[in-house]
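Given next are the chains, with one letter for each unit.
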Amino acid sequence: MTYDEYRFETRLLHNQHKIDPATGAVSVPIQHASTFHQFDVDHFGKYDYARSLNPTREALEDVIAELEGGVKGFAFSSGMAAISTAFLLLSAGDHVVITEDVYGGTFRMVTEVLSRFGIEHTFVDMTDLEQVKQAIRPSTKAFYVETPSNPLLKVTDIRAISRLAKEIGALTFVDNTFLTPALQRPLELGADIVLHSATKFLSGHSDVVAGLAVVNDEALAKRLGFLQNSFGAILGVQDAWLVLRGLKTLSVRLDFSQHTALKIAKFLQAHPLIETVYYPGLPNHPHYHLQRDQAQGAGAVLSFELKNEAALRTFVAGVKIPVFAVSLGAVESILSYPAKMSHAAMPQAEREKRGIKNSLLRLSVGLENPDDLIQDFSRSSEQLDQPELLRGE
Ligand SMILES: *Cc1c(COP(=O)(O)O)cnc(C)c1O
C-alpha cells in the first residue's frame, strides 16, 4: 500500500502509521520501553535501546520525512537540539554563511558555542545574493537559511542559495518552522537539511517542546543519524505522540490562521497609528512574488512597528485576546516582543543593525474569530492617540 497518490491534507491522516499493525489502533501506541529483549544471541531485532530507535519516535520521524519529501526524519528534544545536532555535521575550521535575522537561540549557538569549537560564521542579509557570494570562503561548508525570517519576515530564495551551495560543495540548511511542509518544502527546492521547532505550528497547541530534521540523501541521513545517537538529544515518546496528534490538523489550522493573518495585516497597514507592517502576503512586501513562487502561502506570523516604545507598551497593555508570550504557531494568538523575548540573546546594537527595533511586535495568529482579534487591536490602538505616543523613535 502506498499513500503517495494522496494530496498533502490526506497524507497528514492516511500515511504508513494510520493503523497500528499489531492491534488496529488508529492512534500510534506510546512505547515507553527503554530497552528491547533480543530473542537470538547472534541476530538482534530492529530495536535494541530507545536512544538509538524507539517505535513511537520512529513513527513521527517517518511521517515528517514523508511530508517534507525527504528520505529520513529525526526527532529531537527541542528545535535547538535539532539545529545544534545538525551543526555537528561541521568540523573545526569550517565556515557557515548564515542569515542575519536568524532565531535568537541559533544566533547564540553559532556565536557563543560553535565559535569555541573553531566553526566560523558570517552573518549576511540572505535576501541579497551578492552579499551571500561575497561571504563565501574556501572553508564555507554550509548556508543557513530561515525564511520567512524572524521577526522581520524577509524572504530568502531557497533555490538560489541551494544552487550556490552546490557549486561549492556546501550544504544548505533551512529552518522551516514558520511555514511547515504544508506551505513550503525546502528539499524540493534544493536544500539538504530541513529543520523545525516542532514546538510551533507542527504540534500547534503550546503543550510540547520538540525539534525535527529531515534530509533527502541516504549518506547524509547516516551521518545525521549517527550524530543523533551520539549526542543523544532525542525526543521522548509522550512528546513524539503529541507532535503526531498535532500534525493531523496542521493544514486546517494553518489555512485558517493564515487567512486571518492577511486580514489583520491589511487592517494594521491601513491604521494611521501603526508605522510599518511586515507580512510577505501583502502585495507591497518586497518579496511578495518570491514568496508566492517558492511557497503555497505566507504563513500566520506577521510583525508590525508602533511609533515608539511607549506606544508599544500602551498597545500591549490594552490588548485582551492574544497571550503576551514567547513562542508562536499555536491555536491561541501569541503577541511577542522580539527585542525582549526571541531576540533577547542578541545584543541591542546587533538587534538594531538588523532593524529589530524596541517598537516592534510580532504576532502569531491563532484560531480565534478574525473579527474579534481586529476589534481587540482596534480598541487597543485607540489609546495610542496621545502626543507622547505619536513621536517617531
Ligand atoms: C522556536 C524556534 C526555534 C527553537 O526551537 P525550540 O523548540 O524552542 O528549541 C528555532 N527556530 C525558529 C524559527 C523558532 O521559532
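Nothing here was measured: the structure is a model prediction, and the numbers come from that model. (Residues numbered from 1 in each chain as written. Predicted model: local features only at pLDDT ≥ 70, side-chain atom pairs only at ≥ 80, totals over all residues. Heavy atoms only, no water.)

> An account of the side chain of arginine 354 is needed here, citing residue identities and associated values.
Following the sequence through the fold, arginine 354 ends up in the loop between α13 (348–353) and β12 (360–364). Only 2.3 Å separates the side chain of arginine 354 from the backbone oxygen of glutamate 100, close enough to count as a polar contact. Setting aside its immediate chain neighbours within four residues, arginine 354 contacts Glu100, Asp101, Phe107, Phe123, Leu152 and Met346. (Helix = DSSP H or I, 4+ residues; strand = E, 2+ residues; numbered from the N terminus. Polar contact = N/O pair within 3.5 Å; in protein donor to acceptor, adjacent residues only side chain to side chain. Contact = heavy atoms within 4.5 Å.)

> Explain helix α8 (residues 218–231) residue by residue, including any values.
Across its 14 residues, α8 extends 20 Å between first and last C-alpha, which sits within 8% of the 20 Å expected from 1.5 Å per residue. Of all the positions in α8, only Leu220, Ala221, Leu224, Gly225, Leu227 and Gln228 are classed as buried. Seen along its axis, α8 keeps its buried residues to an arc of 160°; they face one direction. Across α8 from its buried face, at more than 90 degrees, point the exposed residues Glu218, Ala219, Lys222 and Phe226. Those residues of α8 that are buried are in contact with α2 (55–68), β1 (72–76), α3 (79–87), β5 (171–175), β6 (193–197) and β7 (211–215). Measuring from the backbone nitrogen of alanine 219 back to the side-chain oxygen at the start of α8 gives 3.1 Å, which picks out aspartate 217 as the cap. (Expected span 1.5 Å × (residues − 1). Buried < 20%, exposed > 50% of the residue type's maximum accessible area, 1.4 Å probe, protein only. Arc of directions from axis to C-beta.)

> Summarise the packing of aromatic side chains; cite the residues concerned and give the values.
Using the criterion set out here, one finds eight aromatic pairs in the structure. Both rings, one in tyrosine 3 and one in tyrosine 6, keep their centres 6.1 Å apart while their planes meet at 55°; by these two values the pair is tilted. What makes tyrosine 3 buried here is its relative accessible area of 16%. A centroid spacing of 5.5 Å and a plane angle of 35° characterise the contact between phenylalanine 36 and tyrosine 47, whose relative ring orientation is tilted. Separated by eleven residues along the polypeptide, phenylalanine 36 in the loop between α1 (8–11) and α2 and tyrosine 47 in the loop between α1 and α2 bring together distant segments of the chain. Among the aromatic residues, those joined into a ring-pair cluster are Phe87, Tyr144 and Phe173. (Phe/Tyr/Trp six-rings, centres within 6.5 Å; stacked < 30°, edge-to-face > 60°.)

> Provide a residue-level description of the nonpolar core, including the pertinent values.
Counting residues in hydrophobic clusters, the biggest one holds 66 residues, and the most contacted among them are Leu60, Leu250, Leu302, Phe304, Leu306, Phe315 and Leu361. For this core, the leading source of residues is helix α10 (residues 250–270), giving seven residues. Looking at which domains feed residues into this core, each of domain 1 (3–247) and domain 2 (250–390) gives three or more. Residues within four places of leucine 250 in sequence aside, it is in contact with Phe8, Leu12, Thr180, Ala182, Phe201 and Leu202. (Core = buried A, V, L, I, M, F, W, Y, C linked by side-chain atoms within 4.5 Å. Domains from an automatic or database assignment.)

> Describe the site of the ligand, and please don't skip the residues or the numbers.
Around the ligand lies a shell of 14 residues, among which Met80, Asp175, Ser197, Thr199 and Lys200 are the nearest. Contact between the ligand and aspartate 175: a nitrogen atom at 2.7 Å from a side-chain N or O atom of the residue. Note that an oxygen atom of the ligand is positioned 2.7 Å from one of the side-chain N or O atoms of threonine 199. Protein burial of the ligand: of its 380 Å² of free accessible surface, 92% is covered by the chains. By residue number, the principal contributor to the shell around the ligand is α3, which donates three residues. (Near = heavy atom within 4 Å. Areas by Shrake-Rupley, 256 points an atom, 1.4 Å probe, with all protein chains shown as cover.)

> Can you break down the packing of α2 against helix α9 (residues 237–248) residue by residue, with the values?
Contact geometry for α2 and α9: axes closest at 8 Å, N-to-C directions at 35°. Helix-helix and strand crossings are classified by hand; for α2 and α9 the assignment is left-handed. From α2, Thr56, Arg57, Ala59, Leu60, Val63 and Leu67 reach across to α9, where they touch Val237, Ala240, Trp241, Val243, Leu244 and Leu247. Here the residues of the contact of α2 with α9 are counted per class, giving ten nonpolar, one polar and one charged. (Axes fitted to C-alpha atoms, helices over the stretch in contact; angles between N-to-C directions. Left-handed = near helix turned anticlockwise from the far one by under 90°. Nonpolar A, V, L, I, M, F, W, Y, C, P; charged D, E, K, R; others polar.)

> Can you break down the domain arrangement of the protein chain residue by residue, with the values?
Partitioning the protein chain into domains gives domain 1 (3–247) and domain 2 (250–390). If you average the C-alpha positions of domain 1 and of domain 2, the two centres end up 27 Å apart. Counting residues at the interface gives 41 residues for domain 1, matched by 42 residues for domain 2. Both faces considered, domain 1 and domain 2 share a buried interface measuring about 3400 Å² in area, 61% of it formed by carbon and sulfur atoms. The largest per-residue losses of area from domain 1 upon contact with domain 2 belong to Leu152, Leu183 and Phe201, which jointly make up 22% of the total buried on that side. One can count one salt bridge joining domain 1 with domain 2. (Buried area = accessible area lost by both parts, 1.4 Å probe. Salt bridge = Lys/Arg side-chain N within 4 Å of Asp/Glu carboxyl O.)

> I'd like to hear about the sheet that holds strand β3 (residues 120–124), residue by residue, with values.
Across the sheet, seven strands lie side by side as β1-β7-β6-β5-β4-β2-β3; this open sheet has mixed pairing. Only two strands of the sheet have a single neighbouring strand rather than two, namely β1 and β3. Across the sheet, the mean angle from the axis of one strand to that of its neighbour is 20°, orientation sign disregarded. Bridging between β6 and β7 involves five bridges; their strand directions are antiparallel. Residue pairing for β7: isoleucine 193 is matched across the bridge by valine 215. Here α8 sits on the sheet in contact with β1, β5, β6 and β7, set at roughly 20° to β1. (Pairing = 2+ DSSP bridges.)

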